Structures are given as C-alpha cells and as structure tokens.
Amino acid sequence: MIANLGKRKTTMLAGAIVAINGFFPALWIFFTSLKTETELLRYPITIVPEDPTLQNYTRVFVDQPILLFMWNSVVVASLSTLLCIFVSALAAYAIVRLRIPGRNIVLSLLLAVSMFPLISLMVPLFQTMRTLGWLNTYPALIFPYAVLSMPVCTLVMASFFQDIPADLENAAMIDGCSRLGALWHVVVPLAAPGVFTAAILAFVNAWDEFLLALTLSSRVASRTLPVGITLYQGEFAFPWPIISAALVVAIVPICVLIAIFQERVVSGLTAGGVKG
Amino acid sequence: MGASVTATTGAKRYKLSKLEKSERLLGIALLTPAALLLLAVVVYPIVELLINSLYSYRLTRPGYRFIGLENYAYALFEDDRFWHATLNTVIFAVVTVPGALVVGLGLALLANQPFKVKWPVRLGLLLPWALPLVFAGLIFRWFFEYRSGIVNAAFEFVGLPPQNWITDPNLAFFAVCVAIVWKSSSFMALILLAGLQTIPKSLYEAAEVDGASKFQQFVEITLPMLKPAIVVALIFRTITAIQTFDIPYAMTNGGPGNATETMAMYIHKTTIDFLDLGYGSALAAIMFVVSAIATSVYLRHTRRDTGRN
C-alpha cells in the first residue's frame, strides 16, 4: 500500500516535470503580459503579477495592428492548408491504391522535399515573386506553404488510407460508382480522421513559418503574426510589455487548436514522423 | 439464385480488369497537381538558383554578368564571414542535436508512465512543438535579459553573479543553444515515446525475473529497441539544425558581432539586406548541396528501415 503510494507519487512527479517543461515559458510570458511597465522594470523581479492589469493587451489591440497580423495568418494558413490537403489527398490515394509506376521514387522524392533547406528556396522565390509582383501578397506564401506541408500530409493520409479496406471501394464501384465517385462517397468519409489530422499539421506549419514570411511578405500590412511580433522590436530595446501581450494573443489560438485535437496531432506526428 | 451470383462475379471481374487498364492513367492524373506544384515551387526555383549563382547580380546596381564559378571561389577561399557562419552552424548542430536527444529521451521516459490524467503531459510535449520557433526565441530572450530575466534572478537566488547572456559572445551562443534544445527536444520526445510504447512489456518482466536492475534494463532493452527511432530522429534533427535561422534571429539577430550568425542568417542578409542575389544564390546552392548529402543519408536509412519491417 505504502509502496504503491510512493510509486504514484513518482509517476506524478515525472508527469509534472514534463508538463512544467512544456508550459513554463508560455506561462511566464502570460504573467509578464499582466504586469505594469513599472513592475517589469522593478528589481528584483516579481514572479506573479502583483497588480494584474490588461493595459498591455489594450495597447496591443489599439496601438498595434495585431488583428491585421492575425487575419493575415488566418488567411494564409487556411488557404494553404486547403490547397495542400486537396493536392496531398489525391497523391496519397494514388500512392496507396493505384499501381503507379515508380511508387518508391515518388515516396523518396516526398521525403527529400520535406528535408529541403528553406533558405535555398528563399533566394529564388524572392526573385520570382519580385518579378511577378507578388511580394507582400497572400499567394506568395500560400503556394510555398502548401508545398512545404505536402510531404507530411501525403504520408499521414497515405498511412490512414491504407487502413481502409479496398473491398469497400470495389463494392461501391460494382454498385455503379465511378472510381472518383467511390473515392468521394466511400473513402473520404472513412478517411476523414486522417485528412483532418493532416490538415492540423499543415495549419500549424503555416501558422508557425517565419523565414519565407519575413522575406516575401515584410510590409507591415501583409505581415503574419510571427513576423509582425518579431519585428516589434526596435533597433535597441525590446518593448517587452507589448511583445509579451502580443505573444499571448498569438499563442492562444494555436494552443486551443492543439489542446482540442491533441490525440490526433500526436498520431499524425508519429505516423508522418518527418516534419517538426 | 446461383445464376445471379455468377453474373455478379462476372461483372466484378470485367470491371476490375477494365479498371486495371485505366488505373495507371488515373494514378498519373491524381499525382499531377502535386507534381505541378513541386515543379513551380521547388524544381524551377532551384534551377534558377543554380543559374543565378554563376552570375554577378546585384539589385543595388545595374548589370547581370556571367562570372562562372567566381561566387563559389569567393565564398570558399576568401569570405571569412561565410566560414565563420558555417562554423557557428556546425557548433550549433554538434551541441543541440545530442542535447535535444538527451533531453528528449529524458522527457520520453518521464512521459512513458501510466498516468490517470493524460492531457497535461501530452500537451506539455505538444506545446513546444506547436510554438513558432521565433516565439520560442523571443521568450528565451526574455528569460536571459540581464535585469528583468528569470535566469539572472535564479542565479542571484543561489548566490551567483548575474551574467550578460545576450551581450557576451560565448554566453549568447550558449543561451541560443538552450532555446534550440528546449524547442526541438519535445518533438524528439514524441517520436521516442511512440517508439517506447512499442517495446513489449514482457521483455521487462523477463528481465525483472532475471534480477536485472532498472539501469540494466534501460541499457540492455530500451536503448537497443529504440535505436532505429533514435537514428532517424538524430539524422532528421541534424538536417534541420543545418538550417537554423529563427531562434538566433529572434534572440540575438546574429550578434553580438557575428557570434551567433548561422549560414542561413548570412544567406538571408546577403540576399535581402545587401540585395546581392548572385552571391546569395551561390551560398544557398552550397547549403543545398550540404543538405542534399545529409538527406540522402536519411533516405538510405529510412529505406533500409522500411525494408526490414
């Protein structure tokens, strides 16, 4: 009985270490965002805000175009996710179900793309978008983001599609469905969890991306959240009260998303196991 | 009744064979959108990159002149800043890849317990992964602030003098490493945790019966069983470490001086700040080659892995 209790305590301790390691930085920035500027400058520092205030948040929403950054992030992440899922679902289906020539080459190519150094793409993409006049527009980010998540989405969906019995499709086709009809009416509903998992991964990847957004979309009006907040910093000083509040505002949506779908995200990450 | 069954199977056979003929065509058709996107966003830019790397091409002055391999020669033989950035990138990789593995393995072992409530641990591993790299950089920059940072507060608490984490070159390098390890270890932990959960419990029970200690069980069972996952995770992390950009950009912007400038940051500065597309392309092409070598190692490994399974 006592040994059991001790074991439960060590288990709790182990869990607490993992949880604190993951939560602490976000929690600390949340505390920071609630402190007044004078409290932030006080020495020695305070841990829990003594006089919690929302003034930093008002400043972020009123003085800074954070809603615009967020809108840009939402548009770019959603549209690139849609494009990515559409393209990857077709490719995944072809890889799993159809006898296509060079299946292994396609798979290797996908893995290779997922490892591709973004910085090497950044230089020519900057030039191409400049020539096209696409700098600081949504498509400049949507198309590259769709491609960047394509490998992981294809692999995740392929691993889900594999578990759908082919007989179901054949039965649908015997009943007069075309191959694409069978795909739409039989495979898609069954594959929905896989598609959804892939979509979350694509969305998070796009929401988090920084290098291309910084390069291709650096004008204030078209900045996404990571670029917008990182470029708050002036030449010399970091306006920490504003940055901390802005970080909280930017982190909350993605936190809610992964909190709701945590099991899916974990299964997707370990199934695709390629992109982080 | 017997007749209708034969009719159905007959129809099935007919349809399937017809399908087999069109399968190839449909397969290619389904892969076309993906292939087109890849061509536009990856293949074409890389060709353009390789061509530009052979030219003198600056947006700050007119002219687009073929100079052969001069950009490469300058980078490899004359550009000290390039070599300095390369060295920084290598040291970052050498420190943070094993660092993330050790921390990630620790987290995975801690997380591999029969918890009653699973979400705090799961979210604790997912949150660092989901956080944008630059945000992790900003938060750790705040941790390491001289006056208001929690690290110096902790130092003072245990009686150590506060340190200039961001303005001292070596300490800045160390601080960036800490942020990278924190950010990348949780993804590592998720992959290793999935590996841990596939190890049959019976192995540990048998070892227990044989009187093996926990440490012996870890060395003799856990590590060998995890090895494939560890190798893949290591190679994968190495490839991403070569591209390190976001965290040092947010924490130090390469400073103080160029103490934490990575290859990716130098390429970005050359291209976007100095607008030297020719030279930037040559540097990016070098990076591409290095990455391609690492990737081919990775591919060979995963292929052997799937072959074994």
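Here the structure is a predicted model, which means the values were calculated and not measured.

Student: I'd love a proper account of the overall build of chain B, names of residues and values included.
Tutor: Scanning chain B from N- to C-terminus turns up 12 helices and 2 strands. Beginning at the N terminus, the succession of helices and strands in chain B can be written as α-β-β-α-α-α-α-α-α-α-α-α-α-α. Each of the 309 residues in chain B was classed as buried or not, and the buried ones make up 42%. Sequence separation of at least 24 residues holds for 71% of the intrachain contacts in chain B that already meet a minimum separation of 6.

Student: Now, about the domain arrangement of chain B: what can you tell me, with residues and values included?
Tutor: On domain assignment, one finds that chain B holds domain 1 (2-40) and domain 2 (66-308). Here domain 1 of chain B and domain 2 of chain B have C-alpha centroids that lie 45 Å from each other.

Student: Outline helix α5 (residues 133-143) of chain B, listing residues and values.
Tutor: Burial analysis of α5 of chain B places 11 of its 11 residues in the buried class, the great majority of the element. Within the span of α5 of chain B, buried status applies to L133, V134, F135, A136, G137, L138, I139, F140, R141, W142 and F143 of chain B.

Student: Any details on helix α5 (residues 103-114) of chain A? Residues and values, ideally.
Tutor: Residue and element names in this part refer to chain A. Between its first and last C-alpha atoms α5 spans 17 Å; for 12 residues at 1.5 Å apiece the expected length is 16 Å, and the two agree. Residues of α5 that are buried: L110, V113 and S114. Relative to the axis of α5, the buried residues are bounded by an arc of 100° and lie together on one face. Along α5, exposed side chains directed more than 90 degrees from the buried face belong to N104 and I105.

Student: Break down the interface of chain B and chain A for me, citing the residues and quoting the values.
Tutor: Accessible area lost upon the coming together of the parts is a frequently used measure of interface size. Contacts between chain B and chain A engage 78 residues on the former and 77 residues on the latter. With 20 residues, helix α1 (residues 2-52) of chain B is the largest single contributor of residues to the side of chain B that touches chain A. Grouping the constituent residues of the side of chain B that touches chain A by class yields 55 nonpolar, 14 polar and 9 charged.

Student: Let's hear about the packing of helix α3 (residues 80-111) of chain B against helix α11 (residues 263-273) of chain B: which residues, and what values?
Tutor: Residue and element names in this part refer to chain B. Two elements in contact, α3 and α11, have axes whose closest approach is 7 Å; the angle formed by their N-to-C orientations is 145°. Where α3 approaches α11, its residues R81, F82, A85, T86 and T89 are matched on the opposing element by M263, M265 and Y266. By residue class, the composition of the contact of α3 with α11 is 5 nonpolar, 2 polar and 1 charged.

Student: Any chance you could break down the nonpolar core for me, citing the residues and the numbers?
Tutor: What tends to happen in soluble globular proteins is that the nonpolar side chains get buried as a cluster. Residue and element names in this part refer to chain A. Among the nonpolar cores identified, the biggest contains 172 residues, and M157 and L247 are the most heavily contacted of them. In terms of residues, this core owes the most to one element, helix α7 (residues 139-161), which gives 17 residues. Apart from residues no more than four positions distant in its own chain, M157 is found in contact with S88, A89, A92, A191, G194, V195 and A198.

Student: How would you explain the domain arrangement of chain A if you had to name every residue and give the values?
Tutor: All names here are of chain A. Under the domain assignment used here, chain A contains domain 1 (1-53) and domain 2 (63-272). A separation of 32 Å is found between the C-alpha centroids of domain 1 and domain 2. Counting from both sides, the interface comprises 7 residues of domain 1 and, opposite them, 7 residues of domain 2. Those elements giving two or more residues to the side of domain 1 that touches domain 2 turn out to be α1 (2-33) and α2 (37-41).

What counts, and at which threshold
Residues numbered from 1 in each chain as written. Chains lettered and ligands numbered in written order. Predicted model: local features only at pLDDT ≥ 70, side-chain atom pairs only at ≥ 80, totals over all residues. Helix = DSSP H or I, 4+ residues; strand = E, 2+ residues; numbered from the N terminus. Buried ≥ 20, exposed ≤ 12 C-beta atoms within 10 Å, placed from the backbone. Contact = placed C-beta atoms within 7 Å. Domains from an automatic or database assignment. Expected span 1.5 Å × (residues − 1). Arc of directions from axis to C-beta. Nonpolar A, V, L, I, M, F, W, Y, C, P; charged D, E, K, R; others polar. Axes fitted to C-alpha atoms, helices over the stretch in contact; angles between N-to-C directions. Core = buried A, V, L, I, M, F, W, Y, C linked by C-beta atoms within 7 Å.

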